[in-house]
Amino acid sequence: MAPNPLNREREARREGPWWRVYGPVLFCVAIMCAVASYLAYVAYASTHTAHDTIIMIPSNWSLRNGNGTIQVGGTVPGGVYTDLLLANVLNGGDFYHRFNDFEYRWVANDNWTYSTAFDVDPKLVEHERVALIFEGLDTAAEVVVNSKTVGESNNMFVRYVFDVKDYLEGTTVNLDVAFRSPSEYATQKYNEQAVDYIVPPKCVDPAFKGICHANHIRKMQASFSWDWGPAFANSGIWKDWHIVGWNSLLVKNIMFTARPTSTLPSVPDHSFKPGWDVTVKVLCDSAIEQRQMDGSVYVSLADIFSMKYTVTAVIDKYETMLTLNFTLEENQVEMWWPNGYGSQPLYELSAVWKNKDQSEESSASVRVGFRTVDLNQDYVDEADPAKGRHYRVIVNNITMFMKGTNWIPAHVLPEMVTEHYTRELLKAAADTHQNCIRVWGGGIYETDVFYEIADELGLLIWQDFMFACSMYPVDEPFLETTKMEIKMQIQRLQHHPSILLWAGNNENEAALRGNWYGTASDFELYKRDYIKLYVDTIKTVAVETDDSHPFVISSPNNGIESEEEGHVAVNPYSTLYGDVHYYNYLSDAWLGHATPRTRFASEYGFQSWPVFRTMKAVTTEEDWNRESAMMYHRQHHPGGQAELALQIGLHMHMPPQDGSVEVYEYYLYLSQIHQAVAIKTETEFYRRAMSDLNEKGEGYTSGALYWQLNDIWQGASWASIEYGGRWKMLHYYVKKFFDPVLVSMYVENEKLFVYIVSDLVHPVDDLRLVIDLHRYDRKERVHNINDTVLVSPSEASLVMELDMWQDLQMDQLCTYDLYDEEDVCFVVSHLYHSNGSLAAPDNFLLFGKPKDAFLPHAVVWLNNISGPTQTQHSNWTFSMTVRSDEVALFVWLELDCPGVFSDNGFLMTGDVEVEFYAYEEITLTEIEENISVISLTDTYSKERVSKNFIDRAFHPNDIMNVVHF
């Protein structure tokens, strides 16, 4: 389990008053913010010469509510909720404790003002322009300097520059940033719009337990709640701020484009280093509103290239862009590759502006990578256009299957998310063979650190713009702030090699066409609004700002086909075009027969709950029942509890409700089994479909991005990683089903089909494929089939087609009294190199349903726990052998300390060797005292084996931890 966003894993496990948990932590947060502000000032000032007056104020802030009854210290960058926690105004334990999202709702309904006073150098006002710059204000605010309004904000995602030279009197500045209640502001905007017509939805689904009208405020949409998260509509100065005085240009961003000067090979050749035509755009704030300005720009790329450019800046509305070009010869830089295809070399690119008389300079630097990216939408069959178009990603001239997930905000309060936590989550994606993450359009444009880490790890970013699951206004003020938002965010993010594409919105085309919110009553009106916002405004700005990345209008979307159908397709979920979001909670997810054979699966998934340890941190004993009020409060998906119970019950026995904590824990565990197998089934289906078309033209699937990677709080969700960083069973399965080589099996018409899916760019021969047939009531295999196979590059190949009765002999080997053959057998695949090493993870396919099978009770225990040792994964690696006296299904190991296992949630037909990679120092004794293990049949029995019971019939080091309570 990775450190959580509050860096308080161990504190959260302590008992006692909440301030014992939060007090030291939040005090440290305040100190860290102050230090960070000072360091940011030092870093910012270091990029300018003494001729600049750059002031970044690490001053003291205060915070007060609308009527002044609450006055506390303020933290900038930060937010109201954090400051109220620091001041003990909010209490009750963990921020996410029980019903706090309701208990703290009053915060979002109040107005809040941040105030500070500071002294400035009198020489500041001698500059041509003096501006107060906020990198982020959340959200609707009035900015007041010395009792005079200097500007207003209405968009969380926009950088604001307020001219304040005329408002500075003397050396003391009094600054107030007065935030309006986000809920009341959104309601006011909704009511104003409703005079003409309603822009729906009127409110989120009641199951979300949220705040209405998020679509009428340019703010994190999910802060008003979602079907996986709570409503905490924050306010605050959530990003850095500073005052700057300058006379010429102030560099704010660098954009970077590189195009190879020669054709790239169709197979990766890491020794090939092409030349590149490079364009650098230096974006600047000007001290003058219009006219021209002469000066010089010094551009350097690491120690490879350096050039002075004499330029004439053309200034319009206080902004200018300096465009510079140069060419790199062959063998000067290496290419950047997505995860799994090569390395990720990054090069520092710097730009320094100096005015004509060299009296002033300003600079910025970014890290860049050299790669090409394209979204190919050619016809799949040029001779038959009716079969549709591709939707495949091509990087460096290599067509790549996108293996990945979707990202939501890691905390409902952005200031709570640390760089360390962000890295742990993204590394967990890279460590499970993922190469693509979709930043979902209902959250935030993530921090600079997020994209820098993605660059380092080779994670391509499908970047949504922040519009999700709603219709949106199209009045002029809304369109103007949207233009600013899109332009600024592209300018900020474009240089990152990890950026794959821009997407206009999440699910709004589907919502419009599908009449999710009653838009069919005036479809043409809402269609015109849709086109005005996403095509005429967002697409236009995006393409004008950046022509180096693909742009798609929506997700799901039919790509070119949607545009040809007037931008709103008749069926945005077509399997012949674009990408599809698919959710189905009523059919049998472990079989997946209803799964669409789509071009690109950009969203799909199933729910589960976190483990008991995670839920326990924010609940009390009365909540530990799947039918408790608390569980329904945390279940925000409409009908989610019933759907999850249905899915679990299709294949496993739901433990009878007896009020015990054991049954509650079993329910959480079963939900994770269901989720892991369901998403395994669906993902394997998409990967098998990568290489061929069916008679309808369906196939050539080129991506599978499951919903979702991370959690925003402790509750029911589709995440594979729990809030705080603990891997769910699903994430261990992700590591296997996204492996570069996958053996995938399914049954149809009494035949077992065995595929080998490869993302490798070269063939691999002389491999031995073994299919073992097992019975649930004996550990030894009862039959096996093996053959030598060739793994073709970048292809899904059918390598075996086995008759269930003749080849597998199930009618002879799998019969058991009243049970069908399928109910007592399952198969396990093994793929070996000629030297005996594994060429792919083992995989399994269950015949029938575990609840219908005869499953002897499995006693699972741990033997020979040893460590710690230092490995490439951790300085504290522990090894252990997992043993069972019977076949054991879904064996789950758990430790109450940060780290991950090498494998988990596995099937056992023999001993399994497992390692635990701790994220921080821990002793062998702590491991032995905290580790637990459970398997499926433990949920069937009334008898429990208590924690840490030592069975002396085994070796003294054998630990039987069937259940951890």
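So, how was this worked out
Residues numbered from 1 in each chain as written. Predicted model: local features only at pLDDT ≥ 70, side-chain atom pairs only at ≥ 80, totals over all residues. Heavy atoms only, no water. Helix = DSSP H or I, 4+ residues; strand = E, 2+ residues; numbered from the N terminus. Contact = heavy atoms within 4.5 Å. Disulfide = S-S within 2.5 Å. Buried < 20%, exposed > 50% of the residue type's maximum accessible area, 1.4 Å probe, protein only. Pairing = 2+ DSSP bridges. Axes fitted to C-alpha atoms, helices over the stretch in contact; angles between N-to-C directions.

Focus: the environment of Lys 354
Along the chain, the position of Lys 354 falls in strand S18 (residues 347-355). Sequence spacing of Lys 354 and Arg 634 is 280 residues, and the spatial spacing of their C-alpha atoms is 56 Å. Leaving out residues up to four positions away in the same chain, Lys 354 has contacts with Gly 295, Ser 296, Tyr 298, Glu 360 and Glu 361.

A few points about the state of the cysteines
What the rule picks out here adds up to 2 disulfides. One disulfide in the model links Cys 814 with Cys 825; its S-S distance is 2.0 Å. Of note, the bridge from Cys 814 to Cys 825 carries an S-S torsion of about -95° and is left-handed in sense. Of the two residues, Cys 814 is situated in the loop between helix H17 (810-813) and strand S36 (825-832) and Cys 825 in strand S36; the sequence distance between them amounts to 11 residues. Numbered by order of appearance in the sequence, the disulfide-linked cysteines of the protein chain pair as 1-2, 3-4. We note that Cys 436 lacks a disulfide partner, and the nearest cysteine sulfur, in Cys 469, lies 19 Å from it. Given the relative accessible area of 0%, Cys 436 is considered buried. Unpaired in this structure, Cys 469 has its nearest cysteine sulfur neighbour in Cys 203, at a distance of 14 Å. Overall, the relative accessible area of 13% leaves Cys 469 in the buried class.

Brief notes about the sheet that holds strand S44 (residues 932-934)
Ordered in space as S42-S40-S44, the 3 strands form an open sheet in which the pairing is antiparallel. For this open sheet the edge positions go to strand S42 (906-908) and S44, each flanked by a neighbour on one side alone. Adjacent strand axes in the sheet meet at a mean angle of 40° when their direction is disregarded. As judged from the 2 bridges shared by strand S40 (residues 888-894) and S42, these two strands associate in the antiparallel manner. Each residue of the ladder has a partner; that of Val 891, found in S42, is Phe 906. Relative to S40, helix H15 (residues 661-688) is tilted by about 115°, and along the sheet it contacts S40 and S44.

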